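Here is what each chain is made of, one letter per residue.
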Amino acid sequence: MGAEGANLGPYLVDMAKYLGAGLCMGMGALGPGLGEGFAAGKACEGIARAPEQAALLTRTMLVGQAVSESTGIYSLVIALLLIFVV
Amino acid sequence: MEWTNDWILVARFFGAALAVGIAAFGSAYGEGYIALKASEAIARQPKASSEIVRTMLITQAVSETAGIFGLLISIILLFVAKSEGGAVFGTSLVAAGLCMGVGAIGAGIGSGQAGGAACESIGRYPKLSANVLLTTLVGQAIVQTGCIFALVVSMLLALLTKEGHNIVAVGAMVGAGWSMGFGAIGAGISTGFTAKNAVWGMSRDSSIGGVLTRTMLLGQAVAHAGAIYSLIIAFILVFSNRG
């Protein structure tokens, strides 16, 4: 289509770059999204059981979520690399 | 194969089916879960049945939002979207349907979790129903965030003008729809779980409502980071490759 069928190679490579960036970020956001919400849910449950530990629980929740977020950030970096660098 | 405007019609119909078909799954699952929890609660506490049924209907209405977004995009694709354009526009119509359909699954299931917990808590402690319902509705509203991102990207894909048959832009449109659609699932389901546990905690001890709501909102905000990354990637792909 882009090259009248003569030599699609370079166009296909660019297409795969953008398609890959979308796939990468879409699937990459699934896991961190799920994990962080479950962590927050259990923190709420813990605060309900032991309200005096609220500060400790909130801190633990945030540290856990930050670690869980790392794979989402890897996906973001790879998606941006695919779009702008490669 | 020769490109004709019939392919745009095909893309509109296919996108419309994807949007409402997949989105309906999440909403229906969530609402069914609320009804299940409400039935359980009424069996345990028949005296509170009117309170429980009211809570069930209100929370089901919020859970329905995700399905209504799917319906909206479906109607836009069927009746509003332009009927002529190139391969890039055709692909972006299908991508719009995929984005909204998949993006609504998480919000439907998640707000169902929160609503179910509300019915259960009110069945146990009918006196706290006002506090519990308020927390549930705040939690459910945040659960819809990812779904609203998907609605925005889907509208951009369906309504922005895109010309030509450039295969690079075709890839970018599918990538944008996929990125935002799947990126919204995880955040939707799990922030619903957060709201569920916050509501449960509220019904145990309503005096800690403030700290619970604060923790719930903080946790939900962090959990949406992935969906926001997806939104950024989708915007970059839509706006830098319009064909």
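Residues numbered from 1 in each chain as written. Chains lettered and ligands numbered in written order. Predicted model: local features only at pLDDT ≥ 70, side-chain atom pairs only at ≥ 80, totals over all residues. Heavy atoms only, no water.

Asker: How do you make sense of the overall build of chain A when you look at a structure like this?
Answerer: The helix and strand tally for chain A stands at 2 helices and 0 strands. Its C-alpha atoms give chain A a radius of gyration of 20 Å, clearly above 12 Å, the size a compact globule of 86 residues would have. By its C-alpha atoms, chain A is 70 × 20 × 10 Å across when sized along the principal axes. Looking at chain A as a whole, 38% of its 86 residues qualify as buried. Of the contacts made within chain A by residues no fewer than 6 positions apart, 68% connect residues no fewer than 24 positions apart. Just so you have it, chain A exposes about 4,400 Å², and 72% of that area is on carbon and sulfur atoms. Averaging the positions of the 4 positive and the 6 negative side-chain charges in chain A gives two centres separated by 12 Å. (Helix = DSSP H or I, 4+ residues; strand = E, 2+ residues; numbered from the N terminus. Rg over C-alpha atoms; globule rule 2.2 N^0.38 Å. Buried < 20%, exposed > 50% of the residue type's maximum accessible area, 1.4 Å probe, protein only. Contact = heavy atoms within 4.5 Å. Areas by Shrake-Rupley, 256 points an atom, 1.4 Å probe, with all protein chains shown as cover. Lys, Arg positive; Asp, Glu negative; His and termini not counted. Charge placed at Lys NZ, Arg CZ, Asp CG, Glu CD.)

Asker: Looking at this structure, how should I read the pattern of salt bridges?
Answerer: Oppositely charged side chains can pair when the atoms bearing their charge come close. For the coordinates displayed, the defined rule picks out 7 salt bridges over all chains. Between Lys17 of chain A and Asp14 of chain A there is a salt bridge, with the nearest N and O atoms lying 3.5 Å from each other. Of the two residues, Lys17 of chain A and Asp14 of chain A are both situated in helix α1 (residues 9-49); the distance of 3 residues between them amounts to about one turn of the helix. Looking at Asp14 of chain A, the relative accessible area reads 30%, which means it is partly exposed. Taking the shortest distance from any N to any O, the salt bridge between Arg49 of chain A and Glu45 of chain A comes out at 3.0 Å. Separated by 4 residues within a single helix, Arg49 of chain A and Glu45 of chain A lie in helix α1, roughly one turn from each other. A residue is classified by how much of its surface remains accessible, and Arg49 of chain A, at 51% relative accessible area, is exposed. When salt bridges that share partners are traced, they join Lys37, Glu40, Glu120 and Arg124 of chain B into one network. (Salt bridge = Lys/Arg side-chain N within 4 Å of Asp/Glu carboxyl O.)

Asker: Honestly, a nonpolar patch on the surface in this entry has me stumped. Any pointers?
Answerer: Residues and elements named next belong to chain B. A cluster of nonpolar side chains, Leu9, Phe13, Leu71, Ile75, Leu78, Phe79, Val80 and Leu159, forms an exposed patch at the surface whose accessible area comes to about 750 Å². Listing elements by their share of the nonpolar patch, those giving two or more residues are α1 (6-44) and α2 (49-80). Counting residues per element, the nonpolar patch draws most heavily on α2, which supplies 5 residues. Taking relative accessible area as the criterion, Val80 reaches 53% and is therefore assigned exposed. (Patch = residues over 30% accessible without salt bridge, like charges linked within 9 Å, V, L, I, M, F, W, Y side chains within 5 Å.)

Asker: Is there a simple way to explain the interface of chain A and chain B in this structure?
Answerer: Interface size, as often reported, equals the accessible area lost upon joining of the parts. With 44 residues of chain A at the contact, the number on the chain B side is 45 residues. Summed over both sides, the interface between chain A and chain B buries roughly 3,600 Å², with carbon and sulfur atoms accounting for 80% of that surface. If you look at where chain A meets chain B, you find 0 salt bridges. Elements that contribute at least two residues to the side of chain A that touches chain B include exactly α1 and α2 (54-85) of chain A. Residues belonging to the side of chain A that touches chain B are distributed by class as follows: 29 nonpolar, 9 polar and 6 charged. (Buried area = accessible area lost by both parts, 1.4 Å probe. Nonpolar A, V, L, I, M, F, W, Y, C, P; charged D, E, K, R; others polar.)

Asker: Just checking my understanding: could you explain the packing of α2 of chain A against helix α7 (residues 209-223) of chain B for this structure?
Answerer: When two helices pack together, their arrangement is given by the angle between the helix axes and the distance between those axes. Two elements in contact, α2 of chain A and α7 of chain B, have axes separated by 10 Å at closest approach and are oriented at 10°. It follows that α2 of chain A is roughly parallel to α7 of chain B by the angle criterion. Contacts from Ala54, Thr58, Met61, Leu62, Gln65 and Glu69 of chain A in α2 of chain A reach Val211, Thr215, Leu218, Gly219 and Val222 of chain B in α7 of chain B. Residues belonging to the contact of α2 of chain A with α7 of chain B are distributed by class as follows: 6 nonpolar, 4 polar and 1 charged. (Axes fitted to C-alpha atoms, helices over the stretch in contact; angles between N-to-C directions. Parallel < 35°, antiparallel > 145°, perpendicular 65-115°, else oblique.)

Asker: What is the right way to look at the nonpolar core in this model?
Answerer: Among the nonpolar cores identified, the biggest contains 55 residues, and Leu93, Met100 and Met180 of chain B are the most heavily contacted of them. Of all the secondary structure elements, the ones that give two or more residues to this core are α1 and α2 of chain A together with α1, α2, α3 (87-124), α5 (145-159), α6 (167-204) and α8 (225-240) of chain B. Here the element with the most residues in this core is α3 of chain B; it accounts for 10 residues. When neighbours within four sequence positions are excluded, Met100 of chain B is seen to be in contact with Ala23, Phe69, Gly70, Ile73, Cys147, Ala150, Leu151 and Ser154 of chain B. (Core = buried A, V, L, I, M, F, W, Y, C linked by side-chain atoms within 4.5 Å.)

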